[in-house]
Each structure stands twice: as C-alpha cells, then as structure tokens.
Amino acid sequence: MNSPAEPTDGRRTPPAGAGTSPEPARPDADDRRAVTGKRRIAFAAYADEDRMPGLLVLLRSLALTNPAVCEDFLVLHPGLPDSAFDAARRLHPRLVPRTAQSRLDVFRETGYDTVVALGPGMVVLGPLLPLLTLRTGVAAVPQPGTGGERTVRDEGLLVIQRRDVADAAPDLSAGGGGAAVDRALTEAGLLEPLASPYDFPAGRLYDDMPVPESTVVLHFGEGSTPSAPAREARERYELDEAAFRAAYCALPGPKHPELLLHCALPFPEGGRAPVDLVRQVAEVYRQQGRYDEAVTLLTAAVADRPDLPRCHETLGISLMALSRHEEAEAHLLLATVSPDFAARAYGQLARLAWLLGRDEDAHAYAREGLDADPADANCHAWYVRTRPGPPAAGPAPAGEQLAHVALFADGQENAGDKVLPEAVRMCFGPDTGPARWHERSVHRLVDEPGLEELNARRGIVVGGGGLFLPDTAPNSNSGWQWNIPDDVLARITAPLAVFAVGYNVFDGQRYRRERFAASLRALVEKSAFFGLRNQGSVDRVRELLPAELRDRVRYQPCPTTVARHLDPGPDDDAVRDDTVLVNCAYDRAGLRFGHDYGHFLAETAAAVRAVGERAEVRYAAHMPADEKFVHDLRREHGIALPVEPLYLFSNDRIRELYRRTRLVIGMRGHAGMIPFGCGTPIISLVSHPKLAYFLSDIDRPDWGVSVHDRSLGARLAERAAAVLDDHRAAVADVHGRQEHLWSVTRANLAELRDLFGLPDPFPGGPRVPGPRTAGAARGLHLPDTRTK
C-alpha cells in the first residue's frame, strides 16, 4: 500500500535531531504521527561531487521502476553548495540534503523511523515496496568475502530501523567499512538477511552475461567491468531531463500524485500536452483539494471539445466543489453522452441537484443513471433517497422546533452516522421526532429559503460528528461540511449552537486552510455555544482562530459516549453474549496504514486467534466497505469471521449489539464511542488522531494501540485477556470514565436549555426512564425486521 500524497510547496523546519538544511515541506498537510504512531520513511544516499552523476541515474531509475513510490530522499554530502542539488531536485520533489561525515551517518538520528540506504553506484530495476514494509533490525544482502565468509558489503543496500539501531548507532557509524558494520550488526543481533536480487553486484556478470530477471537493485562497484547487458541496463536511465519526464508521464498504471505533478508540470509552452495527461494532473489537483487549479487546466483542455467525457466529468466535479453549480451541471451532462461514464455522471448530477434542494431533478437524474447501468450503487442510493415519501402528518409549528443541521446517514451508509444524530437529539429530551426537530442535511446549500427555515425555529443545533473535514462533500462556501456562505451565516437570527463537532482531518491529509479558517472564525463569532467532541479538536481549532476567539471553543463530549444516561436499556449487570466484536475502517486507507497494512493484517490475525480461544470473535461492519477486513483475513490468513452488518440495523439494534458484547476492538471512532457509551469495554485501533484524542479525554491512553505498533497482535491479545478475565472491573472502569463526560454534558445542556428556552430534560436524575421518542424521525431509524 502506497503512502499518501503529500505535495511539496515550500520549506519546513527539520524534525528534532535532524540537520539544519531546509527540507521540502507539506505546509498544508496535517502531521500527527506522534499521535497515530505512523512511521516516517526515507531513502538515503551519500554523494560527493564526483558521485553526483551516479545519484541522478539512481533517482531516475527509482522513479521509472517504482512510479507509485515517493518518499523523502536524503542526500548525505560532505558540504556541497546548495546549487549542487539543483539537477537532483528537478528529478525528485522531496529531496532533503544533509551534511554528513560519511555514508555511515545513516545510522545516526535522521528524524525518520525507517531509512533505505542506497548508493550512487546502484540502479533500481524492480519494485522496492517490499523493503518499505520491513519493520525490524537492519536488512542487508550478505556478500561473499575474501575468505569465503558472507559479510555486509561496503556501500551495500541497507534498510535501517532507527528504533533498533539507536543504542548501537555509535559503533555502526564509527567507520571501518562493511566488515565493521557487519560485525557490529551481528554482535547486536540486528542483521536481517535479504535475498541477493536486492543488491546484485554487476561485477559478477562478464562478457555477454544477462542481468537476471529477478534483479531489483543492480550494484556497480568501483573498478568493476560488468557485462554489456549490465551496462545497457544502466544506460537506459542516463536520460536528459526532458526525456526522463516524458518517460515517467508515459508509464502505464498508478503513479504517485506528487511525483506525477513534479514530472508533468509545467506543461511545455506553445505545445499542447496530451489530453489524458492533463486530465490526470487535474484529477490529482482535485484529490488534493486544489479545485481551482483543476478547473483552470480542464477548462482549457475541453474548450470546443464535447467528445472528452472523462475530462468533463472531472471538471464538473471540481466546479461543484467550487460551488459553481450551473457550470458543473453543464459539464456533467456532457459526460453522460458516453455509455462508459453515463451512470457515474448521472450520479454526480443527482447529488448536485439534491444539494440545491431540487429533489425531483435529483430523482430523475438517478433514474437516468439506472437506465444507463442498472447495477450502479450510487445512482440507486440517490434514487431511493429522493423518492417521494408519504405526506407528513401535519407539521409542528416552526417556533416549537429546534433545527438540526447534521449528516443524516441512510441506506447502507455508516452506522455511526445513523446513531449519532439521534444521540444528539436525546440530549435535549426524549422526543427525537419531527414534532420537536426540523431536519436539515449539513451538505445541502443554505440558500434564502433555507435561511428562512432555520431562522423560523427556536434554535439551531449543528452537529455532532467529524464535520470539520475538507473532502467530504467539498464546497467553497465554508471549506468544511456545512454548506453555508459567510453572508448567509451572518444573517442567522435564531440562537446557534455547535454541539459535539470534531476536527476530523487525517494524519498526512492536506487541505487549504484559508477558506476553512475564515468560515470557522465567522461560525465561532455567530455561535452562542461552540462545543467540540474531544480536547484534541479543541486544541486544533483554537490554533486556527485569533486569540480573542479561542476561549469560546469548549469541550462537549460526543453524546454517544453517554448513551447509558440518555437511553438506559437493560441493566448493566444483565447477561452478555460471550463475544468480542472487531471493527476496521478503509476510507482513506493510504492515510490510515501507510506501508503497514500487511503488518496490521498479520498482527490482527494473531490477535483474533488468541482472543478466539476465550470468546467468539465476530466482525462489526459499520459500512459495507469495512468488510474488506473479513475478506483479506480469510484470504491471507485462513480466518473466517461471522459478520454483523450494522449498516442494516436500526439504532436500537446497534446499541443492543454493543451493549450485550463483552469487548469491542474498533478502528472507527464510533466503534469505540458507541460501545463505551453503552457501558462496554473497548480497545481502539488507532489509525486516526481522533481515537487517541478520545482516550486521552477519558485518561485511558492504554486502551488504544496504533495500527503501526510492532507488537500490535501481542498487545491486543494481552489487553483483551485482561478485560475478559476481570470483566466486571473493566465495565466498572468504563462507568467511572463516563461520569466525567456526563458531568460536562449536563453542565453544557443547562446552558443550552436557557439559550433555547427548554425545560430540563433530566429532572429526575442522571438517567432517563420511559420512551425517548414521540415519533419516528426520518433518516434516524431503520425498520427493525427481527421477529418480535
């Protein structure tokens, strides 16, 4: 699995312990590796002035044979001027020069967890991804020595894990060549032998001997006279800059977005770049949230060209993200002329019409998409969502309702997003239905009629959930999920409360902060209450605000974490099923796992086997896509897990399932917060900062394990065993952690009660008896089809 794209736009301060040379930066990418435990990986090579030509060959070969790989590349050097690296920078977007005494400085602190040390005498001929998945020791290819022994070669390939060499670094970097390094590694027990194709000596090939097809790295030693085929293998990468860039752009298959931009841009002046390459670059811009740049490129490319459906589709989606809706609709309609793209384009058109409140048009577009491809899941979802329902049974007076602006999941969408809106409403009283609440999807544009609807209510509640996220339903009006222009927000007159919203940006995710920061400031100024669901979100949002507004941001736990107080259900001492539920998430998988997915799968397989000896392990899928874990686990490790499809369950059934199990091991935020709120012990698989933030709030960071943890399987098994062995104590601990969250929530609700002019929803104490709803709220409940 490839690491996520982190485009290079400027300079940043070197990490702790690094040299003082400036490094390529991702200034608009979030970096929370200290929270998630994600590894920092780099390639490295030592080069003086004489070796610079070899370094250029190495960089070209690396890019052309591994087009989907783009990690930082450390160039260790004896003190060359910065201009010496200009040619290398034109070949690689993430070059990091560092002054060093010798190549052996790769063993010292570099600011990276894993360093793959190459050399200017090497040419990469095959995939290096397997090296990026290595996790222990120092991997190298032992070479035959003069006495028949096998030693680590001078200038040989090394894969160094900083954690393992920290204590031995002085010995390893003291000099003495490969023999001394080999001796130090062997004595420390760090040497991990690699197969010979990863460092194959070209000197072994004589006359016309071909290079073995399995060769991944071909190593040209000084003074060797390799065969003609070996020399030809190297000469393939002795290209000028233009030829290299053209060769990279012409490669088939996936390319790393950052490397593609680096090689493709700028397009030749006066010439016309291939349309498909323009579309690829524009698609990278779109995925990075650089919608205006995507639109500029594609507008020129499709001028007077209605016969480019893929370009029109990407252009339409980018225009939609810029809230240029009429133009977006026109280009998406042009994309529908191709049978290959019609269903996808009609699905986008249905979404666009729905965002603008045109439900009839959305339904018609979805129907057109199903005519083009009856199996298209997106068009089917929009067709069902926009299908006219039964007439409302007399709407309640607007002045008696609260408006609820939230993400209302339906169909087979995220189970957590179905439970959450109801949990928010339960904080304000037992009636969560339409008599009390006016529902407004956070993604729909707040136009003039929408503003009137909101202002007619006694108050507006925005949240909860991770709504501060730039790439879910992107729009230029706010830069986050609530699609409201600043001038419309300024004209809200009803009391406004932001309730239990989260800053959900992923570790390594890039986004344009300017529009978001401006919208955020306007929102905080307008809100009478602004509560975020974890202290990590509070801190991150305060960083984006001016000093005078920071104190207005406060802590409001997610209401799913106090479900026992909102919806008592069965007694906590009731008999539980002898089960442990596991959950994983796959949205933005590259940001979650980096190069460690294989490691994660193997470690969780070991944990599932160990836990399975104590209880039945079942899988809790919050979305259909979550079931990838079950398929991968069965295919790679021969373990089959029964699946609980929570995305098909009613809210009551979801809570009941989590209430009755003994332990939940979950990666999704609400796969931890919902069971915790039901009184069930949890272990979080940390692949996103928000999981660590929640565990910090409840002062139980040990309940989380990073998906990158070397000992993930053993730690999960040990923690699960402790919970199952003394389950009563574990449940009591959950209850104790919950009390603080409930205390904060009660205090905030007292303030909101006064704001909205509501009675106290909990007059009898901390738990609410009796029914909690006087009517079904559309989008909050799915019918429960179980036999009663």
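Residues numbered from 1 in each chain as written. Predicted model: local features only at pLDDT ≥ 70, side-chain atom pairs only at ≥ 80, totals over all residues. Heavy atoms only, no water.

1. As for the overall build of the protein chain
Helix and strand counts for the protein chain stand at 32 helices and 27 strands. Among the 788 residues that make up the protein chain, the fraction classed as buried is 59%. Long-range pairs, those at least 24 residues apart, make up 72% of the contacts in the protein chain with a sequence separation of at least 6. Approximately 31100 Å² of the protein chain is accessible, and the part contributed by carbon and sulfur atoms is 52%. (Helix = DSSP H or I, 4+ residues; strand = E, 2+ residues; numbered from the N terminus. Buried < 20%, exposed > 50% of the residue type's maximum accessible area, 1.4 Å probe, protein only. Contact = heavy atoms within 4.5 Å. Areas by Shrake-Rupley, 256 points an atom, 1.4 Å probe, with all protein chains shown as cover.)

2. Thoughts on the packing of helix 16 (residues 359-372) against helix 17 (residues 377-385)
Where helix 16 contacts helix 17, the axes come no closer than 8 Å and their chain directions differ by 145°. When the axes of helix 16 and helix 17 are compared, the crossing they make is left-handed. Each of His-363, Ala-366, Arg-367, Gly-369 and Leu-370 in helix 16 lies in contact with helix 17, whose residues at this interface are Cys-379, His-380, Trp-382 and Tyr-383. Its residues placed into classes, the contact of helix 16 with helix 17 shows 5 nonpolar, 3 polar and 1 charged. (Axes fitted to C-alpha atoms, helices over the stretch in contact; angles between N-to-C directions. Left-handed = near helix turned anticlockwise from the far one by under 90°. Nonpolar A, V, L, I, M, F, W, Y, C, P; charged D, E, K, R; others polar.)

3. Concerning the packing of aromatic side chains
In total, this model carries 20 aromatic pairs according to the counting rule given. Ring geometry for Phe-600 and Phe-629: centres 6.2 Å apart, planes at 55°, overall tilted. Highlighted residues: Phe-600 in helix 26 (residues 597-612) and Phe-629 in helix 27 (residues 628-637), separated in sequence by 29 residues. With respect to burial, Phe-600 and Phe-629 carry one shared label: buried. Members of the aromatic cluster, joined through ring pairs, are Phe-468, Trp-480, Trp-482, Tyr-503, Phe-516 and Phe-530. Here the basic side chain of Arg-385 rests over the ring of Trp-382, its NZ or CZ set 4.5 Å away from the ring centre. (Phe/Tyr/Trp six-rings, centres within 6.5 Å; stacked < 30°, edge-to-face > 60°. Lys NZ or Arg CZ within 6 Å of the ring centre and 35° of its normal.)

4. Quick notes on the confidence of the model for the protein chain
With 90% of its residues at a pLDDT of 70 or more, the protein chain shows a mean pLDDT of 89. Here residues 1-25 is modelled with pLDDT under 50, and outside its nearest four sequence neighbours on either side it reaches 88 contacts, counting other chains as well. The model gives residues 768-788 a pLDDT under 50, and that stretch makes 52 contacts with residues more than four places away or in other chains. (pLDDT = per-residue confidence, 0-100.)

5. Side note on the packing of helix 26 against helix 27
Following both chains from N to C, one finds helix 26 and helix 27 inclined at 85°, their axes separated by 10 Å at the closest point. When the axes of helix 26 and helix 27 are compared, the pair comes out roughly perpendicular. Every residue of helix 27 that contacts helix 26 at Tyr-597, Phe-600, Leu-601, Ala-602, Thr-604, Ala-605 and Arg-609 is listed here: Lys-628, Phe-629, Asp-632, Leu-633, Glu-636 and His-637. (Parallel < 35°, antiparallel > 145°, perpendicular 65-115°, else oblique.)

6. Focus: helix 19 (residues 448-455)
Residues Gly-450, Leu-451 and Leu-454 constitute the buried set of helix 19. Along the axis of helix 19, the buried positions cluster into a sector of 100°, meaning they face one direction only. A side-chain oxygen of the first residue of helix 19 lies 2.9 Å from the backbone nitrogen of Gly-450; this N-cap is Asp-447. (Arc of directions from axis to C-beta. Polar contact = N/O pair within 3.5 Å; in protein donor to acceptor, adjacent residues only side chain to side chain.)

7. Quick notes on the sheet that holds strand 24 (residues 643-645)
Backbone hydrogen bonds hold the strands of a sheet together, and the pairing may be parallel or antiparallel. Across the sheet, 6 strands lie side by side as 24-23-22-25-26-27; this open sheet has parallel pairing. Across the chains shown, the open sheet's two edge strands, defined by having one partner strand only, are strand 24 and strand 27 (704-706). Sheet twist, expressed as the mean angle between neighbouring strand axes with direction ignored, is 20°. (Pairing = 2+ DSSP bridges.)

8. Concerning a negative patch on the surface
Side chains of Asp-207, Asp-208, Glu-232 and Glu-235 sit close together on the surface and give a patch of like negative charge. Residue position: Asp-208 is located in the loop between strand 13 (200-201) and strand 14 (217-219). (Patch = residues over 30% accessible without salt bridge, like charges linked within 9 Å, V, L, I, M, F, W, Y side chains within 5 Å. Salt bridge = Lys/Arg side-chain N within 4 Å of Asp/Glu carboxyl O. Lys, Arg positive; Asp, Glu negative; His and termini not counted. Charge placed at Lys NZ, Arg CZ, Asp CG, Glu CD.)

9. Some words on the pattern of salt bridges
Evaluated as defined, the whole model comprises 54 salt bridges. A salt bridge links Arg-162 to Glu-109; the shortest N-O distance between them is 3.4 Å. With Arg-162 in helix 5 (residues 162-165) and Glu-109 in the loop between strand 5 (95-99) and strand 6 (114-117), this residue pair connects regions lying 53 residues apart in the sequence. Glu-448 is paired through a salt bridge with Arg-491; the nearest N and O atoms lie 2.7 Å apart. Pair noted here: Glu-448 is in helix 19 and Arg-491 is in the loop between helix 20 (486-490) and strand 19 (496-503), with a separation of 43 residues, a long-range link. Using a relative accessible area of 38% as the deciding quantity, one classes Arg-491 as partly exposed. Overlapping salt bridges bring together Asp-471, Asp-587, Arg-588, Arg-592, Asp-626 and Arg-668 as one network.

10. Re the environment of Val-384
Position of Val-384 relative to the elements: it lies in helix 17. Look at Val-384 and you get partly exposed, because its relative accessible area is 34%. In sequence terms Val-384 and Arg-367 are 17 residues apart; their C-alpha atoms lie 9.8 Å from each other.

11. Some points on helix 12 (residues 291-301)
Those residues of helix 12 not exposed but buried are Tyr-291, Ala-294, Val-295, Leu-297, Leu-298 and Ala-301. Here the buried face of helix 12 lies against helix 11 (275-287) and helix 13 (309-321).

12. What about the side chain of Thr-114?
Counting through the fold element by element, Thr-114 comes out in strand 6. Judged by relative accessible area, which is 0%, Thr-114 ranks as buried. At 2.7 Å, the side chain of Thr-114 and the side chain of Gln-161 are in polar contact. With residues up to four places along the chain from it excluded, the contact list for Thr-114 reads Arg-39, Arg-40, Ile-41, Ala-42, Val-159, Ile-160 and Gln-161.

13. Quick look at unusual backbone geometry
In this chain, Leu-265 is followed by Pro-266 through a cis amide linkage whose omega measures -5°. Following Gly-463, the chain continues into Gly-464 via a peptide bond in cis, with omega recorded as 0°. Its place among the elements puts Gly-464 in the loop between strand 17 (459-462) and strand 18 (465-468). Its identity as a non-glycine residue notwithstanding, Ser-323 has a phi of 60°, on the positive side. Topologically, Ser-323 is positioned in the loop between helix 13 and helix 14 (325-335).

14. Overview of the sheet that holds strand 4 (residues 72-77)
Taken in spatial order, the 7 strands line up as 5-4-3-6-11-8-12 in an open sheet, and their pairing is mixed. Two strands bound the open sheet, and with one partner strand each, they are strand 5 and strand 12 (191-193). Pairs of neighbouring strands in the sheet enclose a mean axial angle of 25°, with direction left out of account. In terms of strand pairing, strand 4 meets strand 5 through 5 bridges, oriented parallel. Across the sheet, residue Leu-74 finds its bridge partner in strand 5, namely Val-96. Where helix 2 (residues 52-65) meets the sheet, it contacts strand 3 (41-46), strand 4 and strand 5, and its direction lies at approximately 170° from that of strand 4.

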